[in-house]
Amino acid sequence: MAAHLKKRVYEEFSKVVQQIPHEEAPAKKLRLSKPSKSAALHIDLCKAASATDALQYLLEFARKPVEAESVEGVIRILLEHYYKETDNSVRLRIASLLGLLSKTNGFSPDCVVDDVINTLGNEKSHQVLAQLMDSLLVIGGQLPESPAVRRRLVQVACKLLSDTNFGVRNKCLQLLGFLGTVETPLTKDGEGPSSSLGPKHPTVHPTEHPTVHNAALKAMLQLHERGMKIHQIIYEQACRLLSDDYEQVRSAAVQMVWVLSQLYPESIVPIPSSNEEIRLVDDAFGKISHMVSDGSWMVRVQAAKTLGSMLQVSPHFLEQTLDKKLMSDLRRKRTAHERAKELFASGEFSSGRKWADDAPKEKLDTNTVNLIASGACGAFVHGLEDEMFEVRIAAVEALCQLARSSPSFAEKCLDFLVDMFNDEIEEVRLQSIHVLREISTHITLREDQLDTVLAVLEDSSRDIREALHELLCYTNVSTKECIQLALLELLKNLNKYPTDRNSVWKCLKFLGSRHPTLVLPLVPELLSTHPYFDTPEPDMDDPAYIAVLVLVFNAAKSCPTMPALFSDHTFRHYAYLRDSLSHLVPPLRLPGRKQVYSLDSVDSGCGSGSVESAKLFLQQSLNRVSTIQNLETPGAQDLLNFTIRDLQRLGELQTELAGAADFCATFLRCQLLLMKALQEKLWNMAVPLCPKQNVTATAAAQQILEETYKLEFLYSGLESRQVATIHHVRLQAKTLQLVLTARTRPGLDLPIGSCEKFLQEIESFQRMFLTELPHLQDSFVDKLLEIMPRLLSCKPLELVKILQTTLRQSGLLQLRLPEQIHRATATIIEPTGESDNPLRFTSGLVVALDIDATLEHVQDPQDKVKVQVLYPDGQSHVIHPKPADFRKPGPTRHRLITQVYLSHTAWTEPSQVEVRLLLAYSSSSSSPSSSNKSGWSDSIDGLPPAEAAVEGTIPFSKPVKVFIMPKPARR
């Protein structure tokens, strides 16, 4: 009975309400109201009983963020209280808040410009005026697209330039420099456009405050950077400011003098207290040279750097900077007629009591030198001897810039640069070596200079030694004694620092090729040959003997008479080194030994024509593969195999095309793996009947994924179309993985999350490569995007069937040949892995293993390159080198010099550990920002977010095996 009554109650209170579509009630919209910032500020300021309270409220308000829509209201409230406030400190704080609020993102301050300008009219406090001008400067910077507002602000600044307070004038000059325009420069009183840019510049008065001098100079320099030409009339004022008491004024004056010397180099300027005239650039060079002895080291650094860019200066002025004594050609000499006239006018004649007292002689007062100030003599000598190493580095760099444009000056400054090799600061020594390397084409080292240079080889810094090796590669020496001295010191270096082996060999290679005639008379002594007696054959494992052979063989390339001095074992050693160190030993034409060295002609025959033919062969190979759709499966696989083999061989023969050939071969290998995984025999049978084939297909899918990450991150110079092609192959591999997972679960549906994640990847591909989709017509992705609505609505099992059919029907995607592509490679120089002597250390402790490697075409190696150590028991350690361990000797080359610490438990016998370099990657670096959702389809709003970034490492160097032996600890 109770159940019957309950049913009756549900029937009575259950109703069906049907609404007519045309009479739908409008949806109510909710608006979240935020508390008004301006109202809260107004209440706080009204509550303030004193100026201290008002300041406290303003300070608290400044710490809180303000929305862009509330900024205008807050500024109105602040201006209202500004006019009511009598305390200067409160008005000063309000003025600073006006500039701070104008920087709010999303707010355009053009609506409050007039109100802020109106506050200037009644303001009597100079500090508040200066702060208001600073706020106007901020407002003008926020309105770059409003030239009318900028012009008005410039007019206001020009009117206030006559203010008596230096702080106000300082801010006005800053505003003029930052907002002034070239089109309509204003006069000082702001009445309108001026007709000339010269006298209407912000002038520099001697009685001004130093900060005003500094602001005026910087304002003119800013206007000059935007295209306004500075008038020459300012040169005299700028020269006077070089002796200002204020450091920043002198610094700005140096820059102004340099700008004028570049604008008017050939103008003639008078020399004070004389009738002489010289070029402006020479006069400016002398005045800036005098600033190298300034009391401030920052001004000295700027003066030294500025001298290096004054390339139009006269040679005698340039050479005077290397001599502290005034040269005779910079003195103003009087003629004999002028001296006789002066003597006659004085009424004095020779008395005859003193021998030759009437002989013509020149009286010179160092304080009245006409052409150049005595303090400017020897400017670079002063700079190179400065107590601050920053000044010395700046002087060395300036010498380099001037010496590169003047071979005669390069010869004269050679001794000074060589002396800097003995500086106490490593950075100065290193910079001096680099500078001498840059001007090496203009100089030839004498024996005494070379002796000073070679003394640096004993430096403990590896960077210093390698920089000196690089310098010797491109330096010319004068005598055969210099060659002998260089070889002797390099061999000492090799004996003291065995890790410098490759650098020393490279140095001797260039030293021999540059001086074949000087090496020729030294050959019998270097090779220990005798005209009558046989000498013992040297040991080929000796690095010093190899160094001597590298020097001799490279000299013999340009000296055809030298091979006649070789003994029989020297020819055998040449053959060995030609095969093992081909990058150091050149091909030689040896008489009577063509059958042994006939392969040398192959190297000399390589030229630009072979590169062009190799490019043509590469393109033809890709075109041949594009016809694979017309072949049966066995024939298509054979064609891919043969093409991959040809491309690999092409990369070995042509180093210029190695990156492109390897890239294409790897891409075709992915297509071959995919083709084998999709063959008929696997898909026409049940999984239990072909377990081996199913495992093979799963491994192929995983290998394709790994290869695609190599294609994307191991090669540089890829275009958007190639990256889209790589992602297309990766999507095919993920589809294959999804289908294989479903086949291994017969009778069970896939998890919905796997299907949703796959659909998300399809949409991510569309979003990333929207511009490349027209080039992917009739491809696998194109077919998936066509049936995307069906995929979104079907069940997982049906989804897998559709994907399987579409994947098997997809063809080979043609690869477009990249224009310029390089593969990231690494070569481990040290350790060599040739030593049989194990590194012995106590178990539980560590031993340092020196790593020296060369990296080619690696972008951001500090973040991506890691060192992997693999122990015999399977343990693996990955070490991230410090950023300071990387050097950059070339635009695409990096050098890694670091130490790896090895440790392990005790072993019974020595064993090998493998050391290799890894390249870390993250797929997030190539994916678009997750916040950019404007291109997303409305159909995926309910899908989960995109997959997290895939991170991994790629080995990109050959492993090197090192013997180690952890010994048990003694007790």
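Now for a quick tour of the structure. Everything quoted here is computed from the prediction, not taken from an experiment. Each chain carries its own residue numbering, running from 1 in the written order of its sequence. The predicted nature of this model means local features are confined to residues of pLDDT at least 70 and side-chain atom pairs, given and counted, to a pLDDT of 80 or more, with totals for whole chains, interfaces and linings taken over all residues. The side-chain numbers reported here are obtained from all heavy atoms of the structure, hydrogens and water having been left aside.

### Regarding the sheet that holds strand S7 (residues 825-830)
1) Next: Strands are labelled as partners when DSSP assigns at least two bridges between them. Secondary structure counts use DSSP, requiring at least four H or I residues in a row for a helix and at least two E residues in a row for a strand, with both numbered from the N terminus. Read across the sheet, four strands follow the order S7-S9-S13-S12 without closing on themselves; strand pairing throughout is antiparallel. Edge positions in the open sheet fall to S7 and strand S12 (886-887), since each of these has one partner strand only.
2) Next: Inspection of the sheet shows strand S9 (residues 847-856) paired to strand S13 (residues 893-902) by 10 bridges, in the antiparallel sense. Residue pairing across strands places Val-847 opposite Leu-902, the latter belonging to S13.
3) Next: The sheet contacts of helix H23 (residues 462-473) involve S9, S12 and S13, and relative to S13 the element is tilted by about 145 degrees. In what follows, a contact means two residues having at least one pair of non-hydrogen atoms within 4.5 Å. Angles here are taken between N-to-C directions and fall from 0 to 180 degrees, while the axes themselves are lines fitted to C-alpha atoms, restricted in helices to the stretch in contact.

### Some points on helix H3 (residues 51-62)
1) Next: A helix's residues, less one, multiplied by 1.5 Å, set its expected span. For H3, spanning 12 residues, the distance from its first C-alpha to its last is 16 Å, which sits close to the expected 16 Å at 1.5 Å a residue.
2) Next: Three labels apply to residues, based on accessible area from a 1.4 Å probe with only protein chains included: buried if under 20% of the type maximum, exposed if over 50%, partly exposed otherwise in between. Inspection of H3 places Ala-54, Leu-58 and Phe-61 among the buried residues, and these make up the whole buried set. Considered in projection along H3, the buried side chains sweep an arc of 60 degrees and stay on one side of the axis. Think of the arc as the fan of directions from the helix axis to the C-beta atoms.

### Notes on unusual backbone geometry
1) Next: Looking along the chain, the bond that leaves Glu-830 and enters Pro-831 is cis, with omega of 0 degrees.
2) Next: Considering the arrangement of structural elements, one finds Pro-831 in the loop between S7 and strand S8 (839-842).
3) Next: Positive phi, normally seen in glycine, also occurs at Ser-528, with a value near 55 degrees.
4) Next: Here Ser-528 shows up in the loop between helix H27 (523-527) and helix H28 (543-556).
5) Next: Residue class for Ser-528 comes out partly exposed when judged on its relative accessible area of 46%.
6) Next: Its identity as a non-glycine residue notwithstanding, Asp-860 has a phi of 50 degrees, on the positive side.
7) Next: For Asp-860, the location among the structural elements is in the loop between S9 and helix H41 (861-864).

### Thoughts on the pattern of salt bridges
1) Next: Any carboxyl oxygen of Asp or Glu that lies within 4 Å of a side-chain nitrogen of Lys or Arg is treated as forming a salt bridge with it. All told, the structure shown has 32 salt bridges when counted by the stated rule.
2) Next: A salt bridge links Asp-283 to Lys-287; the nearest nitrogen and oxygen atoms lie 2.9 Å apart. One end of the pair is Asp-283 and the other is Lys-287, both in helix H13 (residues 280-290) and four residues apart, which spans about a single turn.
3) Next: A residue is classified by how much of its surface remains accessible, and Asp-283, at 10% relative accessible area, is buried.
4) Next: Here Arg-446 and Asp-415 are joined by a salt bridge, their closest N and O atoms 3.4 Å apart. Of this pair, Arg-446 sits in the loop between strand S3 (444-445) and helix H22 (447-454) while Asp-415 sits in helix H20 (residues 414-419), placing them 31 residues apart in sequence.
5) Next: The class for Arg-446 is partly exposed, based on a relative accessible area of 39%.
6) Next: You can call Asp-415 partly exposed: its relative accessible area is 34%.
7) Next: Through salt bridges with shared partners, a single ionic network connects Arg-462, Glu-466, Asp-852 and Arg-895.

### Some words on the packing of aromatic side chains
1) Next: Pairing of aromatic side chains requires ring centres within 6.5 Å, counting the rings of Phe and Tyr and the six-membered ring of Trp. Pairs whose planes differ by under 30 degrees are stacked, by over 60 edge-to-face, and all others tilted. Taken as a whole and assessed by the stated rule, the structure comprises nine aromatic pairs.
2) Next: When the centroid spacing of 5.2 Å and the interplanar angle of 20 degrees are considered together, the rings of Tyr-709 and Tyr-921 count as stacked. Here Tyr-709, found in helix H35 (residues 691-713), pairs with Tyr-921, found in strand S14 (residues 911-922); they are 212 residues apart in sequence, far enough to count as distant.
3) Next: Since its relative accessible area comes to 9%, Tyr-709 is described here as buried.
4) Next: On the accessibility criterion, Tyr-921 (14% relative accessible area) is buried.
5) Next: Members of the aromatic cluster, each reached through a chain of ring pairs, are Phe-553, Phe-566, Phe-571 and Tyr-574.
6) Next: Sitting above the plane of the Tyr-474 ring, Arg-437 keeps its charged end 3.8 Å from the centroid. Here, a charge over a ring means that NZ of Lys or CZ of Arg falls within 6 Å of the ring centre while also lying within 35 degrees of the ring normal.

### A few points about the nonpolar core
The tendency in soluble globular proteins is for nonpolar side chains to be buried as a group.
1) Next: Joining through side-chain atoms within 4.5 Å is the link that ties buried Ala, Val, Leu, Ile, Met, Phe, Trp, Tyr and Cys residues into a set, and such a set is a nonpolar core. With 116 residues, the main nonpolar core has Phe-380, Phe-409, Leu-436, Leu-450, Met-562 and Phe-566 as its most contacted residues.
2) Next: Sorting elements by how many residues they give to this core places H28 first, with 11 residues.
3) Next: The contact partners of Leu-436, leaving out residues within four places of it in the chain, are Leu-414, Leu-417, Val-418, Phe-421, Ile-443 and Leu-471.
4) Next: In terms of nonpolar packing, the next biggest core, distinct from the first, is built from 97 residues, Leu-618, Leu-650, Val-739 and Cys-755 among them.

### Points about empty space enclosed by the protein
1) Next: A 1.4 Å probe that fits into a set of points on a 1 Å grid over the protein atoms alone but cannot get out defines a cavity; an open set with protein on both sides within 12 Å along at least five of seven lines defines a pocket, and lining residues are those with an atom within 4 Å of a point. Grid points are joined across faces, edges and corners, and a volume is the space filled by probe spheres set on the points. Across all of its chains, the model carries one cavity of 30 Å³ or more by this definition.
2) Next: There is about 60 Å³ of room inside the largest cavity.
3) Next: Leu-622, Val-625, Ser-626, Phe-667, Leu-668, Leu-812, Leu-813, Gln-814 and Leu-815 together form the lining of the largest cavity.
4) Next: For the lining of the largest cavity, the elements supplying multiple residues, two or more each, are helix H31 (608-625) and helix H33 (658-677).
5) Next: Residues are sorted three ways: Asp, Glu, Lys and Arg are charged, Ala, Val, Leu, Ile, Met, Phe, Trp, Tyr, Cys and Pro are nonpolar, and all the rest, Gly among them, are polar. The residue makeup of the lining of the largest cavity, split by class, is seven nonpolar, two polar and no charged.

### Describing the state of the cysteines
1) Next: Note on disulfides: each one is a pair of cysteine sulfur atoms within 2.5 Å. In the structure shown here, the tally under the stated rule is zero disulfides.
2) Next: As a non-bridged cysteine, Cys-413 has Cys-400 as the owner of its nearest cysteine sulfur, 8.9 Å distant.
3) Next: Here Cys-507 stays unpaired: no disulfide links it, and the sulfur of Cys-473, its closest cysteine neighbor, is 4.6 Å away.

### A word on a negative patch on the surface
1) Next: Each patch is built from residues lacking any salt bridge and having more than 30% relative accessible area; the joining distance is 9 Å for like charges and 5 Å for nonpolar side chains (Val, Leu, Ile, Met, Phe, Trp, Tyr). Each accessible area is a Shrake-Rupley estimate made with a 1.4 Å probe; only the visible protein chains count as cover when residues are assessed. In this charge count, Lys and Arg are treated as positive and Asp and Glu as negative; neither His nor the chain ends contribute. By convention, the charge on Lys lies at NZ, on Arg at CZ, on Asp at CG and on Glu at CD. A surface patch of like charges, here negative, comprises Asp-539, Asp-541, Asp-542 and Glu-834.
2) Next: Checked against the element boundaries, Glu-834 lands in the loop between S7 and S8.
3) Next: We classify Glu-834 as exposed; its relative accessible area is 63%.

### Examining H28
1) Next: With 14 residues, H28 should cover 20 Å at 1.5 Å per step; its first-to-last C-alpha distance of 20 Å lies within 8% of that length.
2) Next: Inspection of H28 places Tyr-545, Ile-546, Ala-547, Val-548, Leu-549, Val-550, Leu-551, Val-552, Phe-553, Asn-554, Ala-555 and Ala-556 among the buried residues, and these make up the whole buried set.
3) Next: Structurally, H28 contributes buried residues whose contacts are with helix H24 (480-496), helix H25 (501-514), helix H26 (516-519), H27 and helix H29 (568-580).

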